Amino acid sequence: MRRIHVGNALSAFGLGFTVPYLYVYVAQVRELGAMTAGLVLAVFAVAALLVLPFAGRAIVRRGPLPVLLAALVTAALGALSLGMAGTAATVLPSAVALGAGQAVMQPALATMIVDCSSAETRSRAFATQFFLQNLGLGVGGLIGGHLVDTSRVSSFTLLFSLEAAVFLLLVVVMATVRTPHAPRIEGAPAVSAKGGWRQLLGNRAMVQLCVLGFVLFFACYGQFESGLSAYGVEAAGISTSALGTALAANTLMIVVAQFAVLRFVERRRRSRVIAAVGLVWAVAWAAAAYAGLGHGSRTMATAAFVSTYALFGLGEAMLSPTVAPLVADLAPTGMAGQYNSAFALVKQLALAIGPAVGGPMGASLHAPYVVTFLLFSLGISVLALRLGRRLTAVQDHPWGARSRVVARGGAAAEPVTAEA
């Protein structure tokens, strides 16, 4: 498990190392223009959408480790070639390889966490994963920002080469991991991808969780660097330095609150924790409304806007030990890879659609924007409570059901998969 967490931190470090600078690199440093840079970012997202439906089947059939190693090598080749690419014809395929490789890493690593944890330890394992991912993203972005120089192409070549080296180092680290082999489900998953998807779509609780997940990522993560930042600048008059402070407040809240809220979260019903997150985010959008639509001073507006990002971070810290373990506990035995990939696909869709919808609204339709997403946040609470009615006692409240199941080894997880 320690090596898996190192893998999560290093993969996030690699992502934070270069992704924030992709647009500047393609548009300005390589002088390929804003349109090509936009295509690179679009291709980066589309590659993830295309590869994730197949990643789940591969994880079920081959196991998460071989899939992870293949994804790391693909991402390393993409990063290295991107650092040397000088034309649109070479930049776009490189972005496809990097985007596809990074997309597959997350469900593969999540499945390895499932294989190495029990129902009782899973929440803490995923909370640690989320903490390390945010730490890796922050440190990677900080170091990358100090290495790059827009006047020197060589600085970006070095940046992408170092990212490739990080991924190859991770190949060496993860190749030493020996995880338990999850038993296969009798029949379909190893034989037919359609059978695996049909089985997943037949799980009403998982379908409801995917709908809830889409709303979660659409209303929060999909707005961070698009609609919400545009709203802050246009409606609230937030400076770029204040926007950076808000993003830092989000990360700081996650780092500080993650383990503080863990004990509170893991002893309560997961559905009610998610419902509480919806309420916290509704308050965050109310603070954003005050920042942009209120008549307070510039200082008060800035404080309210920074508070919005901090409240989002609190909600994220509550979700990390809740949603990912629930996806794992809904999966029948041997199907965790398929379920993790399906949920990652939903997340990617929300992250693709969120900025496209929120960006124009946040920039021009200020009041409708905050009201719309405040209602989305309240909708999260409603959807979470409805989901709770479809979950078994073990799925919704593992700690509360501990006294009613065998707690030795991984046996406590068996009623979860049997009842899923």
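Every chain begins its residue count from 1, and numbering advances along the sequence as written. Local features are withheld for residues below a pLDDT of 70 in this predicted model, meaning they are given only at 70 or higher, and side-chain atom pairs are given and counted only at 80 or more; totals for whole chains, interfaces and linings count all residues. The side-chain figures draw on all heavy atoms in the structure; neither hydrogens nor water molecules are used.

On to the packing of aromatic side chains, then. The geometry of an aromatic ring pair is captured by two quantities: the separation of the ring centres and the angle between the planes. Only centres within 6.5 Å qualify two rings of Phe, Tyr or Trp (six-membered ring in Trp) as a pair; their planes then separate them into stacked at under 30 degrees, edge-to-face at over 60, and tilted for everything else. As enumerated under the stated definition, the model contains 16 aromatic pairs in all. Between F217 and F343, the ring centres sit 6.0 Å apart and the planes meet at 65°, which makes this aromatic pair edge-to-face. Here F217, found in helix α9 (residues 204–219), pairs with F343, found in helix α15 (residues 336–364); they are 126 residues apart in sequence, far enough to count as distant. The burial state of F217 is the same as that of F343; both residues are buried. Each helix corresponds to a stretch of at least 4 residues labelled H or I by DSSP, and each strand to a stretch of at least 2 residues labelled E; elements are numbered beginning at the N terminus. A 1.4 Å probe rolled over the protein chains alone gives each residue an accessible area, and that area as a share of the maximum for its type sets the label: buried under 20%, exposed over 50%, partly exposed in between.

Axis lines are fitted to C-alpha atoms, over the contacting stretch for helices. Their N-to-C directions set the angle, which ranges from 0 to 180 degrees. In contact at an axis separation of 11 Å, helix α10 (residues 227–234) and helix α16 (residues 366–388) are set at 140° when each is read in the N-to-C sense. Relative to α16, the element α10 is oriented oblique. For the pair α10 and α16, the crossing hand works out as left-handed. Every residue of α16 that contacts α10 at G227, L228, Y231 and E234 is listed here: H366, Y369 and V370. Polar here means any residue other than Ala, Val, Leu, Ile, Met, Phe, Trp, Tyr, Cys and Pro, which are nonpolar, and Asp, Glu, Lys and Arg, which are charged; Gly is therefore polar. Class assignment for the residues of the contact of α10 with α16 results in four nonpolar, two polar and one charged. Geometric relationships in this document are graded by angle, where less than 35 degrees denotes roughly parallel, more than 145 denotes roughly antiparallel, 65 to 115 denotes roughly perpendicular, and other angles denote oblique. Helix crossings are classified by the rotation of the near helix relative to the far one: an anticlockwise turn of less than a right angle makes the crossing left-handed, while a clockwise turn makes it right-handed. Note on definitions: a residue-residue contact is assigned when non-hydrogen atoms from the two residues lie within 4.5 Å.

Put simply, a nonpolar core is a bunch of buried Ala, Val, Leu, Ile, Met, Phe, Trp, Tyr and Cys residues held in one set by side-chain atoms that sit within 4.5 Å of each other. M206, L209, L228, W281 and F305 are the most contacted members of the largest nonpolar core, which has 65 residues in total. Going through the elements one at a time, α9, α10, α11 (240–266), α12 (270–293), α13 (298–319), α14 (323–330), α15 and α16 are the ones with two or more residues in this core. In terms of residue count, the dominant contributor to this core is α12 (11 residues). Setting aside anything within four residues of it in sequence, one finds L209 in contact with L326, V327, L330, F343 and L387. Counting residues in hydrophobic clusters, the runner-up holds 51 residues, among them L22, A27, A37 and L82.

Now for the state of the cysteines. Only a pair of cysteine sulfur atoms within 2.5 Å counts as a disulfide in this structure description. Counted under the stated rule, the structure contains zero disulfides. Considering cysteine sulfurs only, C220 is the nearest to C210, which forms no disulfide, with 18 Å between them.

With that settled, consider the pattern of salt bridges. Salt bridge criterion: a side-chain nitrogen from Lys or Arg within 4 Å of a carboxyl oxygen from Asp or Glu. Tallied over the entire structure, the rule returns three salt bridges. D396 is the salt-bridge partner of R269, the closest N and O atoms lying 3.7 Å from each other. With R269 in the loop between α11 and α12 and D396 in helix α17 (residues 393–396), this residue pair connects regions lying 127 residues apart in the sequence. Here R270 and D329 are joined by a salt bridge, their closest N and O atoms 2.8 Å apart.

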